[in-house]
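# Structural description and commentary
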Amino acid sequence: GNSVTQMEGPVTLSEEAFLTINCTYTATGYPSLFWYVQYPGEGLQLLLKATKADDKGSNKGFEATYRKETTSFHLEKGSVQVSDSAVYFCALSQGYGGSQGNLIFGKGTKLSVKP
Amino acid sequence: DGGITQSPKYLFRKEGQNVTLSCEQNLNHDAMYWYRQDPGQGLRLIYYSQIVNDFQKGDIAEGYSVSREKKESFPLTVTSAQKNPTAFYLCASRPSGENTQYFGPGTRLTVL
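Read on for an overview of the structure. Note that this is a predicted model, so its numbers are computed, not measured. (Residues numbered from 1 in each chain as written. Chains lettered and ligands numbered in written order. Predicted model: local features only at pLDDT ≥ 70, side-chain atom pairs only at ≥ 80, totals over all residues. Heavy atoms only, no water.)

Once that is clear, we can look at the environment of Y35 of chain B. Along the chain, the position of Y35 of chain B falls in strand β4 (residues 31-37). Along the sequence, Y35 of chain B and Q25 of chain B sit 10 residues apart, while their C-alpha atoms lie 16 Å from each other. Beyond its immediate stretch of four places on either side in the chain, Y35 of chain B contacts L103 and F105 of chain A together with L43, R44, L45, I46, F88, Y89, L90, A92, Q101 and F103 of chain B. At 2.8 Å, the side chain of Y35 of chain B and the side chain of Q101 of chain B are in polar contact. (Helix = DSSP H or I, 4+ residues; strand = E, 2+ residues; numbered from the N terminus. Contact = heavy atoms within 4.5 Å. Polar contact = N/O pair within 3.5 Å; in protein donor to acceptor, adjacent residues only side chain to side chain.)

Taken residue by residue, the interface counts 21 residues in chain B and 22 residues in chain A. For the chain B and chain A pair, buried surface summed over both sides reaches about 1,700 Å², with 51% attributable to carbon and sulfur atoms. Here chain B is connected to chain A by 0 salt bridges. For the pair chain B and chain A, the interface holds 6 residue pairs in polar contact (both at pLDDT 80 or more). Residue assignment for the side of chain B that touches chain A shows that the elements contributing at least two residues are β4, β5 (43-51) and β9 (87-94) of chain B. It is β5 of chain B that contributes the most residues to the side of chain B that touches chain A, 4 residues altogether. Tallied by class, the residues present in the side of chain B that touches chain A amount to 9 nonpolar, 9 polar and 3 charged. (Buried area = accessible area lost by both parts, 1.4 Å probe. Salt bridge = Lys/Arg side-chain N within 4 Å of Asp/Glu carboxyl O. Nonpolar A, V, L, I, M, F, W, Y, C, P; charged D, E, K, R; others polar.)

Okay, the pairing of strand β3 (residues 19-25) of chain B next. Residue and element names in this part refer to chain B. A one-sided burial pattern is seen for β3, the buried positions being V19, L21, C23 and Q25 and the unburied ones T20, S22 and E24. The pairing of strand β1 (residues 4-7) with β3 spans 4 bridges and is antiparallel. Its bridge partner lying in β3, T5 is registered against E24. In this structure, β3 lies alongside strand β8 (residues 76-78), joined through 3 bridges in antiparallel fashion. The residue of β8 that forms the bridge with L21 is L76. (Buried < 20%, exposed > 50% of the residue type's maximum accessible area, 1.4 Å probe, protein only. Pairing = 2+ DSSP bridges.)

As a further point, take the sheet that holds β8 of chain B. Residues and elements named next belong to chain B. Pairing is antiparallel across the open sheet formed by 4 strands, whose spatial order is β1-β3-β8-β7. What marks the edges here is a single partner per strand, and that holds for β1 and β7 (64-66). Each strand axis lies, on average, 20 degrees off the axis of its neighbour in the sheet, ignoring direction. (Axes fitted to C-alpha atoms, helices over the stretch in contact; angles between N-to-C directions.)

Keep in mind these numbers describe shape, not what the thing actually does.
Here's what the structure looks like:
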C-alpha cells in the first residue's frame, strides 16, 4: 500500500542554519506530494506541494522537489529562523476521486530553532 | 472570512460519556475529513465524506460516528465505545477536482 516515511526528529538547529528534512514515499502511479506545517496547539497549514515529477514546490523560503527516480520529496530551507520551529508533515495523495483524495501522512518531524 | 472552524478548542468529558465535536466550513468544499493526532503517531483518518448524506470509514473508525446532513457541517461523535479517546482531533475539507486538504484549528479532547 501507499506510505510516507520521513526522518525522525526532533531536529535542533541554530538560527540561519541550513535545513533538510528527508521524505520518501511508496505509491503506485504518480501521486501528488505535500508538506504541511503545524505550529504548537494549531491545525495543519499547507506549506507547499508538487503534482508531477521534477516539479518544485516553494513557499516562505522552503523548497521541495518531486524526485520520481528516488521517490523522494525532501524539504529544504537555506536559513532557518526561530519562527520556523514547528512540526513538519510530508504527505501524498493519489488523486481526488473517492478514497484517492485521502492524504497519507508521515509521522512528522519536530524542528526546534535556537537563537 | 472563509475557513474551517472547530469548536470548542478544549473539551473535557467524563469517561463513559458521548461527546460531539463540531466542524463547520464556508469554503463550499465537497469533501470533509476527520483525523486523530496522538504524540509521535502523525495523523490517522477516522471518517471522510465526499458529498452530503454519504460518508466512509477511515483507518480507525471504531468508537466514532459522523453525519453529513449539510455540506457545511461534518460533526464527529466520540462514543463511550472508544477505548482511548483523549487526543487532538483535526477536521479538514477539500474542494472537488483538487487534492489539497485544508485544516481547521483542532479540538483537544481530554477524557477524565
